[in-house]
Amino acid sequence: MPQIRSNFMSRIKVGIMGGTFDPIHFGHLVVAEEAYTSLNLSEVIFVPTGNPPHKKFKMVTPAEDRYIMTCMAIVDNPHFKISKIEIEREGTSHTIDTLREMRHWYLPKEVEFFFITGIDAVLQMTSWKEPSAIAKIAHIVAASRPGYNISQLESLPEDIREAVIPLEIPLLAISSTEIRRRIAAGQSIRYFLPWTVEHYIYKKNLYSLEGR
Ligand code: ATP
Ligand code: MG
């Protein structure tokens, strides 16, 4: 049975780029592309969060808009994909639930997950649901981000630290918060994010003071 055997033996390396993407910007895209190339991944799946637990008290743009903007941003990259798994799930989104569900997608192949985040997010992992289980299911790729230092990762519990792969990327001091602030202040966001996403934001009047 050579076919079955080769299916069983092959192992796919899948990157998962989770985020609120409110809106998606070049910081996210550079991190995902750098992880794809330097870790030799088969693909990177962008997973916009549905109901982010850590942003519960902030106003978050409707998931459908964030999903559309993410689609627009990744459409020209053949190895970037997107999933609605967290948007469609009822209730609060948790990374561990997403990873457990995604494992079944690749059967009978074996899958190795690389959960891609910025250092700022990794440093908050202990407040997530079942952080130790996440570290068992996936490698945790910690991308550099202005204002954060790789040495800060030493403060993490040992089991999480062991799963972390630090990833140096060209530092981009871009954040969704800064983009939202600029729009509300009437400032330019050109070159912070793909122009298609910029146009979508203006068309839907997202983030402007009147739009909120
Ligand atoms: P916000 O300001 O609303 O928190 P954000 O820019 O941090 O938005 P998120 O959607 O929260 O974007 O981030 C998704 C993931 O991308 C997180 O793991 C975050 O650390 C990472 N990330 C976002 N921007 C950058 C950047 N400029 N450099 C490195 N990592 C980034
Ligand atoms: Mg953030």
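These figures come from a predicted structure and were not determined experimentally.

Describing the overall build of the protein chain
Each helix and strand counted, the protein chain has 10 helices and 6 strands in total. Over its C-alpha atoms the protein chain spans a radius of gyration of 18 Å, differing by no more than 12% from the 17 Å that the globule rule assigns to 212 residues. When its C-alpha atoms are laid out on the principal axes, the protein chain stretches across 60 × 40 × 35 Å. Out of the 212 residues belonging to the protein chain, those deemed buried represent 47%. Of the contacts formed within the protein chain by residues at least 6 apart in sequence, a portion of 74% connects residues at least 24 apart. Accessible area for the protein chain stands at about 11300 Å²; split by element, carbon and sulfur atoms hold 54% of it. Here the protein chain contributes 24 positively and 24 negatively charged side chains, and the mean placements of these two sets differ by 3 Å.

Quick notes on the site of ligand 1
Around ligand 1 lies a shell of 22 residues, among which His25, Gly118, Asp120, Ser176 and Thr177 are the nearest. A distance of 2.9 Å separates an oxygen atom of ligand 1 from a polar atom in the side chain of His25. Between Arg145 and ligand 1, the recorded distance is 3.0 Å, taken from a side-chain N or O atom to an oxygen atom. About the coverage of ligand 1: the protein hides 91% of its 600 Å² of free accessible area. In terms of residue class, the shell around ligand 1 is built from 6 nonpolar, 12 polar and 4 charged.

Brief notes about the pattern of salt bridges
Under the defined criterion, the tally for this structure stands at 11 salt bridges. With its nearest N and O atoms 2.6 Å apart, the salt bridge here joins Lys81 to Glu43. Of this pair, Lys81 sits in strand β3 (residues 80–82) while Glu43 is found in strand β2 (residues 43–48), placing the two residues 38 residues apart along the sequence. Look at the salt bridges and you will find they share partners, linking Arg11, Glu110 and Glu112 into a network.

Here we look at the confidence of the model for the protein chain
On average, the protein chain scores 91 in pLDDT, and the residues at 70 or more come to 90%. In this model, residues 1–7 is a region of pLDDT below 50 whose contacts with residues beyond four sequence positions or in other chains number 2 contacts.

Here we look at the nonpolar core
Judged by nonpolar contacts, the single largest core of 33 residues is most densely connected at Val44, Phe46 and Ile201. Listing elements by their share of this core, those giving two or more residues are α2 (26–38), β2, α3 (63–74), β4 (110–118), β5 (138–143), α9 (176–184) and α10 (195–203). A total of 5 residues in this core trace back to one element, the largest contributor, which is α2. In contact with Ile201, not counting residues within four places along its chain, are Pro23, Met69, Ile183, Ile189, Leu193, Leu206 and Tyr207. Counting 28 residues, the second largest nonpolar core, distinct from the first, contains Ile45, Ala135, Leu153 and Leu156.

Some details on the pairing of β5
Of all the 6 residues making up β5, 5 are buried; the element is thus mostly covered by neighbouring parts of the structure. Alignment of β4 against β5, held across 6 bridges, turns out to be parallel. Following the sheet pairing, Phe115 is matched in β5 by Ile140.

With respect to the sheet that holds β4
Spatial strand order, β3-β2-β1-β4-β5-β6: 6 strands in an open sheet with parallel pairing. Each edge of the sheet is formed by a strand with only one pairing partner; in this case those strands are β3 and β6 (164–167). With strand direction ignored, the average angle separating the axes of adjacent strands in the sheet is 30 degrees. Summarising the sheet, β2 and β3 pair through 3 bridges and their orientation is parallel. Counterpart to Phe46 in the pairing with β3 is Ile82. Helix-sheet contacts for α2 involve β1 (11–19), β2, β3, β4, β5 and β6, and the interaxial angle to β2 is about 150 degrees.

Thresholds, definitions, all that
Residues numbered from 1 in each chain as written. Chains lettered and ligands numbered in written order. Predicted model: local features only at pLDDT ≥ 70, side-chain atom pairs only at ≥ 80, totals over all residues. Heavy atoms only, no water. Helix = DSSP H or I, 4+ residues; strand = E, 2+ residues; numbered from the N terminus. Rg over C-alpha atoms; globule rule 2.2 N^0.38 Å. Buried < 20%, exposed > 50% of the residue type's maximum accessible area, 1.4 Å probe, protein only. Contact = heavy atoms within 4.5 Å. Areas by Shrake-Rupley, 256 points an atom, 1.4 Å probe, with all protein chains shown as cover. Lys, Arg positive; Asp, Glu negative; His and termini not counted. Charge placed at Lys NZ, Arg CZ, Asp CG, Glu CD. Near = heavy atom within 4 Å. Polar contact = N/O pair within 3.5 Å; in protein donor to acceptor, adjacent residues only side chain to side chain. Nonpolar A, V, L, I, M, F, W, Y, C, P; charged D, E, K, R; others polar. Salt bridge = Lys/Arg side-chain N within 4 Å of Asp/Glu carboxyl O. pLDDT = per-residue confidence, 0-100. Core = buried A, V, L, I, M, F, W, Y, C linked by side-chain atoms within 4.5 Å. Pairing = 2+ DSSP bridges. Axes fitted to C-alpha atoms, helices over the stretch in contact; angles between N-to-C directions.

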